Amino acid sequence: MSLPQNQETDRLFRSILALQSVEECYEYFEDLCTVREIQSISQRLAVAEMLSGGCSYQQTIQETGASSATISRVKRCLEYGAGGYQLVLKRLEDEEDSQ
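Quick caveat: nothing in here was measured; it's all calculated off a predicted structure. (Residues numbered from 1 in each chain as written. Predicted model: local features only at pLDDT ≥ 70, side-chain atom pairs only at ≥ 80, totals over all residues. Heavy atoms only, no water.)

Caption draft 1: Layout of the layout of surface pockets. When its volume is computed, the largest pocket comes out at roughly 2,400 Å³. Secondary structure elements with two or more residues in the lining of the largest pocket: α1 (7-17), α2 (22-32), α3 (35-52), α5 (68-80) and α6 (84-98). Residues of the lining of the largest pocket, tallied by class, amount to 23 nonpolar, 9 polar and 6 charged. (1 Å grid on protein atoms, 1.4 Å probe; cavity = no way out; pocket = protein on both sides within 12 Å on 5 of 7 lines; lining within 4 Å. Points joined across faces, edges and corners; volume = space filled by probe spheres on them. Helix = DSSP H or I, 4+ residues; strand = E, 2+ residues; numbered from the N terminus. Nonpolar A, V, L, I, M, F, W, Y, C, P; charged D, E, K, R; others polar.)

Okay, structure coming up:
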């Protein structure tokens, strides 16, 4: 599965890259997404972080409340996806280490 590469999707990604602070992200994403959509995206990132750190499915379910289907999907992305989770998790880790 690949994201459609078109002008609309490019514009969406450029709009996110234009944000300059976490506060701006809150403002933009509050307008852009529902609360549930943000919670789901945040949960998937937490699942990816736990799985990358070696946590079991059961521990990940208990700590995130994610369904086994969500955990399986994230696991597939970690193993066979485009590498986006790994890229972001590494950058977050590097950012935290530098603080």
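Caption draft 2: Layout of the packing of aromatic side chains. Here the structure, examined in full by the defined rule, presents 1 aromatic pair. Seen in terms of ring centroids, Tyr-28 and Phe-29 are 5.8 Å apart; in terms of plane orientation they differ by 75°. Their pairing is edge-to-face. (Phe/Tyr/Trp six-rings, centres within 6.5 Å; stacked < 30°, edge-to-face > 60°.)

Caption draft 3: Fine view of the packing of α1 against α2. Relative orientation of the contacting elements α1 and α2 amounts to 150°, with a least axis distance of 10 Å. The angle between the axes of α1 and α2 places the two elements in the roughly antiparallel class. Residues Leu-12, Ser-15 and Ile-16 of α1 form the contact with α2, whose own contacting residues are Tyr-28, Phe-29 and Leu-32. In terms of residue class, the contact of α1 with α2 is built from 5 nonpolar, 1 polar and no charged. (Axes fitted to C-alpha atoms, helices over the stretch in contact; angles between N-to-C directions. Parallel < 35°, antiparallel > 145°, perpendicular 65-115°, else oblique. Contact = heavy atoms within 4.5 Å.)

Caption draft 4: Molecular detail of the environment of Ser-21. Mapped onto the elements of the fold, Ser-21 is located in the loop between α1 and α2. For Ser-21, a relative accessible area of 32% gives the class partly exposed. Sequence separation between Ser-21 and Tyr-80 is 59 residues, and the spatial gap between their C-alpha atoms is 31 Å. At 3.0 Å, the side chain of Ser-21 forms a polar contact with the backbone nitrogen of Glu-24. (Buried < 20%, exposed > 50% of the residue type's maximum accessible area, 1.4 Å probe, protein only. Polar contact = N/O pair within 3.5 Å; in protein donor to acceptor, adjacent residues only side chain to side chain.)

Caption draft 5: Inspection of the environment of Phe-29 at higher detail. Along the chain, Phe-29 turns up in helix α2. For the pair Phe-29 and Ser-42, spaced 13 residues apart in the sequence, the C-alpha separation amounts to 12 Å. Dropping the residues within four chain positions of it, Phe-29 is found in contact with Ile-16, Leu-19 and Ile-38.

Caption draft 6: Spatial organisation of the pattern of salt bridges. Counted under the stated rule, the structure contains 2 salt bridges. Its salt-bridge partner being Glu-79, residue Lys-75 comes within 3.5 Å of it at the nearest N-O pair. In this pair, Lys-75 and Glu-79 both sit in helix α5, 4 residues apart, roughly one turn of the helix. The shortest N-O distance in the salt bridge between Lys-90 and Asp-94 comes to 2.8 Å. Taken as a pair, Lys-90 and Asp-94 lie in helix α6 at a separation of 4 residues, close to a single helical turn. When its relative accessible area of 46% is taken as the criterion, Lys-90 is described as partly exposed. (Salt bridge = Lys/Arg side-chain N within 4 Å of Asp/Glu carboxyl O.)

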